[in-house]
Amino acid sequence: MAAQEAAVDSAHAAAGSATGPGAPAPGPADDSARAGEIAVEQRHLDRVYRRLEEKIHEAEFLMADAAKRGQVGTPGALAERDAQVFRAGVHLSRLNNEFEDFLFGRIDLLAGKDGKKGPDGAYTSVEPADDAVRPDGTAAIAETLHIGRIGVLDSDYAPLVIDWRAPAAAPFYRSTPVDPGRVVRRRVIRSKGRRVLGVEDDLMRPELTAELDGAPLPVVGDGALMAVLGQARGHTMRDIVSSIQAEQDLVIRAPAASVTEVSGGPGTGKTAVALHRAAYLLYQDRRRYAGGILVVSPTPLLVAYTEGVLPSLGEEGQVAIRALGSLVEGAEATAYDDPAVARIKGSARMARVLRRAARGALEPGGAGARAAAPGQATLEEAAPEETAEPVGTDRLRVVALGRRIELDAAELRRVRQAALGGTAPVNLLRPRARKLLLDALWERSGAASRADEHLSRGDAELAAELRAGFDEDVSSEDRFLAFLDAWWPELTPRRVLAAMADERALGRWARRVLTPGEARRLARSLRRAGADGTGPLSVHDVALLDELEAVLGTPPRPRRARRELDPLDALTGLDELMPQREETQRERAERLAAERTEYAHVIVDEAQDLTPMQWRMVGRRGRTATWTVVGDPAQSSWPDEEEAAEARDEALGRRQRRRFTLTVNYRNPAEIAELAAKVLALAMPGAASPRAVRSTGLRPRFTVAPPTDAALARTVRDETRRLLESVDGTVGVVVAMDRRAQAAEWVAGLGERVVPLGSLEAKGLEYDATVLVSPAEIADGAAASVGLRTLYVALTRATRQLTVVATAKDQPDGDGVPDLLRD
Ligand SMILES: Nc1ncnc2c1ncn2[C@@H]1O[C@H](COP(=O)(O)OP(=O)(O)OP(=O)(O)O)[C@@H](O)[C@H]1O
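Cut-offs used in this document
Residues numbered from 1 in each chain as written. Predicted model: local features only at pLDDT ≥ 70, side-chain atom pairs only at ≥ 80, totals over all residues. Helix = DSSP H or I, 4+ residues; strand = E, 2+ residues; numbered from the N terminus. Buried ≥ 20, exposed ≤ 12 C-beta atoms within 10 Å, placed from the backbone. Contact = placed C-beta atoms within 7 Å. UniProt positions renumbered as here; feature names shortened; annotations may be inferred. Pairing = 2+ DSSP bridges. Axes fitted to C-alpha atoms, helices over the stretch in contact; angles between N-to-C directions. Near = placed C-beta within 6 Å. Nonpolar A, V, L, I, M, F, W, Y, C, P; charged D, E, K, R; others polar. Core = buried A, V, L, I, M, F, W, Y, C linked by C-beta atoms within 7 Å. Parallel < 35°, antiparallel > 145°, perpendicular 65-115°, else oblique. Left-handed = near helix turned anticlockwise from the far one by under 90°. Expected span 1.5 Å × (residues − 1). Arc of directions from axis to C-beta. pLDDT = per-residue confidence, 0-100.

### Regarding the overall build of the chain
Helices and strands together make up the secondary structure of the chain, namely 28 helices and 24 strands. Counting over 823 residues, the chain shows a buried share of 46%. Partitioning the intrachain contacts of the chain with sequence separation of at least 6 by distance along the chain shows that 76% fall at a separation of at least 24.

Take a look at the structure:
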């Protein structure tokens, strides 16, 4: 595939280019050429900073001027001041935020086919003019563009820096030696603050002898990608804006219509690409995406790891990154169910069980109809509205029109059935139930016949008055209201989930949907979630709560009054003005984010892991959205692929899909990728491994722990220490899920660079080095195919070194290699 070749070729282009035309000879001359080129870029950066400072002065002037106008005090001046201060404030904060390290790239281009300039001052043509290259193979550089995090124009509107997302910047990412377009030299600039630290060049047309301002075009460095990939990893992901590869750029800039599906093996940049795409979409059409972009991530660890990428690209606020366990307001689930329970909770069959439970919870004996009895399992916090004296729900007695009227259990059952007819959300049926209760009481009251008499005499008004008076009498009676609350309580999702912890009740609701064994297991798991409602929810419980929220419906609530006071009215000076202004804006953003339940674009990371119930939950957040869905089936921890595929199709609807595949592994060196490929062959026979882009010469290390827990602890600790000495960044210690607590003890005190974690938590993360404890235990933690896929994930987390610690269960050979990792 051309894009695949291109990605790798572009990575290696610089190696060839060091001896290419115009390249200085290696050695001291190389150093001086590098220093010379750093000085060239430093001069450009100085110019950019001078321009930025001018713009800051302009912004400050605007603010000072705005403050002066504030003292004039006429309503018009105040409004103008408001607008000016707002614009200047936004401008200033952007400039300050993006001052750091924002210039990172440069391309030197041949003359283009046409002479048109775009809005950013750059020529738009992608293809070179026919006469751009002379017959003797020489060519002149016709245009040089610098690429950065934001665009900066000189005072004469010449582009000093082009925004990385602008069309003119695309050749910086798209150009490859196979398909160079106008690009001759592509340069990545490393800078810190105001200082340029280094440059790395890739030559896209090594066959050319190119000149810049009459002198040969210099080429320095070993290639940008390799320089970036060789750096140590920290606890957070970095943006890849300076080294996005061609096949990735195609995904990032794909049109936003419908669904963009991206697959690719571990380390191919799926997460990085998804996040850069969010920033790109906002740049392209900010108004459209003001509706919010949701990024769904599998774990809170991955959220924390990726959270900094968008701010580093200058994008915040509009993008919410949420873990699957935190998608429902108020839930922060981090607990994992054991695989058998997870499989039940995640299955699409649960939707039916939950629908029945939501209605069943209203029945006498259902959780909604009574206060949770002491000791009874419930996930609900003690409901404050519960009265001290329990109200019976098998009989209703009221006094109206001077008479006692009563409905018995059979009558009440009939009314409930009638009210429940139809598919409306249960909580929204309460007014209907109230109305039907009043109807039944009215029939019983004997007044109905009097009203009929009025009607037959043609006095409809009197008949209606009689009935209205009756309704008012009854519904103002405390006893009636208390009865209604107990008989048709407002159900919350947590309350229904608590009701499902009752094995007998759940057995009824799950009949012919779950097996009796499954229902028992599910009830037990819900019971364990905490008898007093404070127990931890599992990640899978959250999708059940969301489903229940949809089934129950949210009854209308009185709107909270908003503060109407405009803080600007009360102010006179700028000092007071800015903090006030910022605070109200932040408050507003927070309120909007909290109120937002649907998004304009939904990005699903690690999509292979979503259960059918999770697809339903995510689908509800993007009913009118466009989507980007990234994942790798070979890393899936969900066993029922067909069921998940159906739920995914339902969530994405009939929107057209555009598919991309990423093929190059930027994370693992070839030595680790090779080992992982052996597990992939077992987990998914025939699946293609992504091609590792570099090799370190360091083969994975195998060691066998003696057969006691203490010895295993010692071995893991020793191996972790070894790796800490040989890498500068982080070391992950990956164990089977049920060894998580132990692993934390094993590595206690080794410092912040060490992270112990369970195999399922390792999703999406990476470390300089990993210690993998017992492949067999990791693979045994789940159903056969899922176990091997989980092991595949665990094996592909290291960017430099991997140590595998085997136990007896791994049946290591003489070299300590576990049987799962042998040929
Ligand atoms: N073009 C690039 N330039 C520099 N680094 C890159 C590039 N593409 C990817 N990387 C790096 O490779 C690593 C893997 O990227 P990422 O985590 O996005 O991959 P992934 O496909 O999501 O992996 P997994 O499936 O294992 O979660 C990250 O450190 C990322 O920064």
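So that's the structure; there's more coming.
### As for the UniProt feature "binding site: ATP" (unreviewed entry) in the chain
The feature "binding site: ATP" (unreviewed entry), as annotated in UniProt, sits at G264, G265, P266, G267, T268, G269, K270 and T271 in this numbering. Mapped onto the fold, G267 is located in the loop between strand 10 (259–264) and helix 7 (270–284). The class for G267 is buried, based on 26 C-beta atoms found within 10 Å. Not counting the four nearest positions on each side in its chain, G267 is found in contact with N665, Y666, R667, N668, P690 and T796. Take T271: there are 24 C-beta atoms within 10 Å of it, and that puts it in the buried class. Ignoring sequence-local partners within four residues, the contact set of T271 consists of T306, D605 and G764.

### Brief notes about the sheet that holds strand 20 (residues 701–704)
Ordered in space as 20-24-23-21-22, the 5 strands form an open sheet in which the pairing is parallel. Across the chains shown, the open sheet's two edge strands, defined by having one partner strand only, are strand 20 and strand 22 (754–758). Pairs of neighbouring strands in the sheet enclose a mean axial angle of 20 degrees, with direction left out of account. Relative to strand 24 (residues 798–806), strand 23 (residues 767–773) is paired through 6 bridges, and the arrangement is parallel. Among the inter-strand pairings, V771 is bridged to a residue of strand 24, identified as T803. The strands touched by helix 25 (residues 709–726) are strand 20, strand 21 (731–735), strand 22, strand 23 and strand 24; relative to strand 24, the strand with the most contacts, the crossing angle is about 160 degrees.

### Considerations on the site of the ligand
Contacts to the ligand come from 24 residues, most closely from S243, P266, G269, K270 and T271. Of all the elements in the fold, those that place two or more residues in the shell around the ligand are helix 5 (224–229) and helix 7. Its residues placed into classes, the shell around the ligand shows 9 nonpolar, 11 polar and 4 charged.

### Comments concerning the sheet that holds strand 2 (residues 138–140)
As summarised here, the arrangement of the 3 strands in space is 2-8-9, forming an open sheet in which the pairing is mixed. Lying at the two open borders of the sheet, with one neighbouring strand each, are strand 2 and strand 9 (215–216). Pairing geometry for strand 2 and strand 8 (residues 209–212), over 3 bridges, is parallel. Paired with A139 across the strands is A210, a residue of strand 8.

### Topic: the nonpolar core
Where a protein is soluble and globular, its nonpolar side chains tend to be buried together. Core analysis: the largest hydrophobic core is formed by 197 residues, its most contacted members being A278, I293, A358, M500, V679, V733 and Y792. Counting residues per element, this core draws most heavily on helix 7, which supplies 9 residues. With near-sequence residues (within four places) excluded, A358 lies in contact with V426, L491, V496, L548, V551 and L552.

### Some details on the environment of S726
Within the secondary structure, S726 is located in helix 25. Residue classification places S726 among the exposed residues on the basis of 12 C-beta atoms within 10 Å. Sequence separation between S726 and L429 is 297 residues, and the spatial gap between their C-alpha atoms is 65 Å.

### Concerning the pairing of strand 13 (residues 396–400)
Of the two faces of strand 13, the one holding L396, V398 and A400 is buried and the one holding R397 and V399 is not buried anywhere. Here strand 13 runs beside strand 14 (residues 403–407); their pairing, made up of 5 bridges, is antiparallel. Note that in strand 14 the partner of R397 across the bridge is E406. Joining the antiparallel neighbours strand 13 and strand 14 is a turn of 2 residues, in which L401 adopts a positive phi near 50 degrees.

### Description of the packing of helix 13 (residues 430–445) against helix 15 (residues 460–475)
For the pair helix 13 and helix 15, the least separation of the axes is 11 Å and the interaxial angle reads 115 degrees. By the angle between their directions, the pair helix 13 and helix 15 is classed as roughly perpendicular. Between helix 13 and helix 15 the crossing geometry is right-handed. The residues of helix 15 that touch helix 13, namely those facing L438, L441, W442 and S445, are R467, F470, D471, V474 and S475. Counted by class, the contact of helix 13 with helix 15 contains 5 nonpolar, 2 polar and 2 charged residues.

### A closer look at helix 19 (residues 516–528)
The terminal C-alpha atoms of helix 19, which comprises 13 residues, lie 18 Å apart, in line with the 18 Å expected from a rise of 1.5 Å per residue. Inspection of helix 19 places A519, L522, A523, S525 and L526 among the buried residues, and these make up the whole buried set. Along helix 19, the residues classed as buried sweep out an arc of 160 degrees about the axis, all on the same side. The exposed set on the far side of helix 19, more than 90 degrees from its buried face, consists of P516 and G517. Contacts from the buried residues of helix 19 go to helix 10 (339–346), helix 17 (493–499) and helix 18 (503–509).

### A few points about the packing of helix 11 (residues 350–360) against helix 20 (residues 539–552)
Across the interface, helix 11 lies against helix 20 with an axial gap of 10 Å and an inter-helix angle of 50 degrees. When the axes of helix 11 and helix 20 are compared, the pair comes out oblique. Judged by the twist between their axes, the crossing of helix 11 over helix 20 is right-handed. Across the interface between the two elements, M350, A351, L354, R355 and A358 from helix 11 touch L544, E547, L548, V551 and L552 from helix 20. Residues belonging to the contact of helix 11 with helix 20 are distributed by class as follows: 8 nonpolar, no polar and 2 charged.

### Some details on helix 22 (residues 612–619)
Across the 8 residues that make up helix 22, a large majority, 8, are buried. Where helix 22 is buried, its residues contact strand 11 (293–297), helix 10, helix 11, helix 20, strand 15 (601–604) and helix 23 (641–652).

### So, the environment of Q742
Structurally, the position occupied by Q742 is in helix 26 (residues 740–746). Assessed through the 16 C-beta atoms surrounding it within 10 Å, Q742 is described here as partly exposed. In sequence terms Q742 and D709 are 33 residues apart; their C-alpha atoms lie 9.4 Å from each other.

### Description of the confidence of the model for the chain
Do not read the fine detail of predicted coordinates wherever pLDDT is low. Per-chain confidence: the chain averages 83 in pLDDT, with 82% of residues scoring 70 or above. Long-range and interchain partners of residues 368–388, a stretch whose pLDDT sits below 50, account for 43 contacts in this model, where long-range means more than four residues apart. Segment residues 558–586 is flagged for pLDDT under 50; beyond a separation of four residues in sequence, or across chains, it makes 17 contacts in the model. Of the two predicted TM-score estimates for the complex, the pTM is 0.79 and the ipTM is 0.99.

### Brief notes about unusual backbone geometry
Unlike most non-glycine residues, Y157 shows phi in positive territory, near 70 degrees. If you trace the backbone, Y157 turns up in the loop between strand 4 (152–153) and strand 5 (159–163). Unlike most non-glycine residues, D213 shows phi in positive territory, near 50 degrees. Positionally, D213 belongs in the loop between strand 8 and strand 9.

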